[in-house]
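Observations on the model geometry
Read off the chains here:
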Amino acid sequence: MKQKRLVRRLYVLTVMLVLICAGTGAVLFTYISEASVQSAELEELDAFQQHYYDLSGHLQELSLIQLQLSQTGWREQGADRMEELLVESASLLDALQADAGDGDLAHYLSFMEEPVTLYQAHYETYFSTIFTGDEAAQTASRVLPGVTRTEEQRAAYDERIQTVLQEDREAAQAAADGALEGAGTAAWSGLLILILVPVVLLGLFARAISKGLLHVMKRIRAFENGDLTYKQASRKDEFGSIDEALGRLGAGLAAYQARSREAGRDVRQIAAAAAERSHGQSAAAGDMEQHTRTLNRKMEAQSVQTAAISAAAGQMSSSVDAVNGSMERLHAFMQELQQESADGLYAMEEVETIVAEVSHESRDAAAGALQMSQDLEQMDAFLNGIRDINRQTELLAINASIEAAKAGEAGRSFAVVAKEIRRLSEQTASFAEETGSGLMTVRTDAATLSETFSALSEQIAEASSATKAAGASFRKIEEGNRRATREQQEVKSAAEEMKRALLESASHTEELASHATELLSRTGEMEEIIRVQYVQQRELSNEVSRLEEMAESLDTKEKETA
């Protein structure tokens, strides 16, 4: 049995499409996840840096407020603002230290505790109550050196913290850019593979299907042109199996046509011979009936003319000899007719055998056409699998578009890749529809071929019925011939007995009168036998006519089949 190469190719194509889509999706997911992680780290760094800027701004504002109040005197608005800034600065410092971890950034942030602690002590010591005059000068002399020194230290550590934050941000940005670049490279690589590999494989698959269809259609067109023995190179795939099945069917049909023509010729020859023998037998029966009537008239003349017995006996002896000659010829005709009937019966049995073989081959061919339709349905199921993969690819493109939208400007390349994937999905869907249309056409042709095989099987069944009827007619003819032969033997025996009676009548004239009545009765019996034989001969002629009609019917069915 042929290997299903097209089915295996379709399996390979499906598996490769699934693997390519899965691999591309996995790589894209990995890079997109990495880009998302790096984006989250950048956002955390931005938030951390913003909090640090807020803390630095609060500390700088606290130093300015304390310097201003120590020089201009206590003001309630400045003191209240100082209290708010101290609370917010302490909260921001705690949050920054919690997010910094245990690295250099946490070490540098620990030095920010001193400005907060110092400004808190200044507030509690000098700015929580009202002071004026000499107290203002003392507060300024105590606050100014601490604030100046603290701001210098804070500026030095602020530069270091800014440097660490900038390095961390650059590292995170480089990682994010690398992830996006890798995702773009993977996306374009996957897109090229998704475009090239399916296009090449689908092109090869479509080319194989197209060649297979052309291969099968060549034989079908040859059948339509009447060439049932068309020869062409074989293929090692499903279409090759279909072509071989059609080739076997064509060979069987050609053999059936040849055998049908031979059987028709044999039937016509047998019918012609039977008709000729029947006409000869009918003529012989007519002659014998005429001689019997003449004999009957002579026997009646003998009954009333006893004086002319000798002369009548001589004439009757001559008539009996003529009857015997006719019976001999009739017997020879019946022997030949019986032989022809036996030959016709043997020929019809051979025709029945041929019709049975052709019927079996037609059923096998119909089964081959049904198998072809089932293979095409299986191919249709594989095309449905390709459509499912196409839908999954489209979903993957939609997900990629969503992720690209989330990534913003950095995910613009993802949007291009998603668009190309969706275009590839549309092309794959179009190819699947075109292939499905081609398979539907082949399925329609296969259904038409199966219906043709079914009609051929019905015609073969009718031809088989007609052949069986012809065989039955031949058997009936043979039986009639045997019965007519027996009756002819009886007539011959009766004629011989009549001849002996006439001879005895010639030598024993005195006994002729007593035996005249018996001879007349025997003559009547012979006339009845001849009449019955004549009727049987007419029936035999009718059977021959029916046989000729059956031969014409076989010719007609052969022409319809061709």
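All values reported here derive from a predicted model rather than from experimental measurement. (Residues numbered from 1 in each chain as written. Predicted model: local features only at pLDDT ≥ 70, side-chain atom pairs only at ≥ 80, totals over all residues. Heavy atoms only, no water.)

Three- or four-residue spacings in an α-helix give side chains the same orientation, since the helix completes a turn every 3.6 residues. Taking 1.5 Å as the rise per residue, helix α4 (residues 113-127) with 15 residues should run 21 Å; its terminal C-alpha atoms sit 20 Å apart, in good agreement. Buried residues of α4: Pro115, Val116, Leu118, Tyr119, His122, Tyr123, Tyr126 and Phe127, and no others. Down the axis of α4, the smallest arc covering the buried residues is 165 degrees, so these residues share one side. The exposed set on the far side of α4, more than 90 degrees from its buried face, consists of Thr117, Glu124 and Thr125. (Helix = DSSP H or I, 4+ residues; strand = E, 2+ residues; numbered from the N terminus. Expected span 1.5 Å × (residues − 1). Buried < 20%, exposed > 50% of the residue type's maximum accessible area, 1.4 Å probe, protein only. Arc of directions from axis to C-beta.)

Glancing now at the confidence of the model for the chain. Of all residues in the chain, 71% have pLDDT values of 70 or greater, and the mean over the chain is 75. No element of the chain has a lower mean pLDDT than helix α9 (residues 509-561), at 66, and none a higher one than helix α2 (residues 76-100), at 89. (pLDDT = per-residue confidence, 0-100.)

With that settled, the discussion passes to the packing of aromatic side chains. Per the stated rule, a full pass over the model turns up two aromatic pairs. Look at Tyr52 and Tyr53: their rings are 6.5 Å apart centre to centre, the planes differ by 50 degrees, and that puts the pair in the tilted class. The class of Tyr53 is partly exposed, set by a relative accessible area of 36%. Between Phe111 and Tyr157 the ring centres are 4.1 Å apart and the planes differ by 10 degrees, which places this aromatic pair in the stacked class. (Phe/Tyr/Trp six-rings, centres within 6.5 Å; stacked < 30°, edge-to-face > 60°.)

This brings us to the packing of α2 against α4. Close contact between α2 and α4 brings their axes to 10 Å; oriented N to C, the two are set at 155 degrees. Relative to α4, the element α2 is oriented roughly antiparallel. Regarding α2 and α4, the two cross each other, and that crossing is left-handed. Each of Ala79, Met82, Glu83, Leu86, Ser89, Leu93 and Gln97 in α2 lies in contact with α4, whose residues at this interface are Glu113, Val116, Tyr119, Gln120, Tyr123 and Phe127. Partitioning the contact of α2 with α4 into residue classes produces eight nonpolar, three polar and two charged. (Axes fitted to C-alpha atoms, helices over the stretch in contact; angles between N-to-C directions. Parallel < 35°, antiparallel > 145°, perpendicular 65-115°, else oblique. Left-handed = near helix turned anticlockwise from the far one by under 90°. Contact = heavy atoms within 4.5 Å. Nonpolar A, V, L, I, M, F, W, Y, C, P; charged D, E, K, R; others polar.)

With that settled, consider the pattern of salt bridges. On inspection of all chains with the given rule, the structure shows four salt bridges. Here Asp46 makes a salt bridge to Arg169, at a shortest N to O gap of 2.0 Å. With Asp46 in helix α1 (residues 5-72) and Arg169 in helix α5 (residues 134-224), this pair connects stretches of sequence that are 123 residues apart. With a closest N to O distance of 3.0 Å, Arg81 and Glu61 form a salt bridge. Here Glu61 lies in helix α1 and Arg81 lies in helix α2, a separation of 20 residues in the sequence. (Salt bridge = Lys/Arg side-chain N within 4 Å of Asp/Glu carboxyl O.)

Quick look at a nonpolar patch on the surface now. Together, Leu395, Ile398 and Ile402 line one region of the surface with nonpolar side chains, adding up to about 250 Å² of accessible area. Relative to the helices and strands, Ile398 resides in helix α7 (residues 309-407). Among the residues examined, Ile398 registers a relative accessible area of 33% and is labelled partly exposed. (Patch = residues over 30% accessible without salt bridge, like charges linked within 9 Å, V, L, I, M, F, W, Y side chains within 5 Å. Areas by Shrake-Rupley, 256 points an atom, 1.4 Å probe, with all protein chains shown as cover.)

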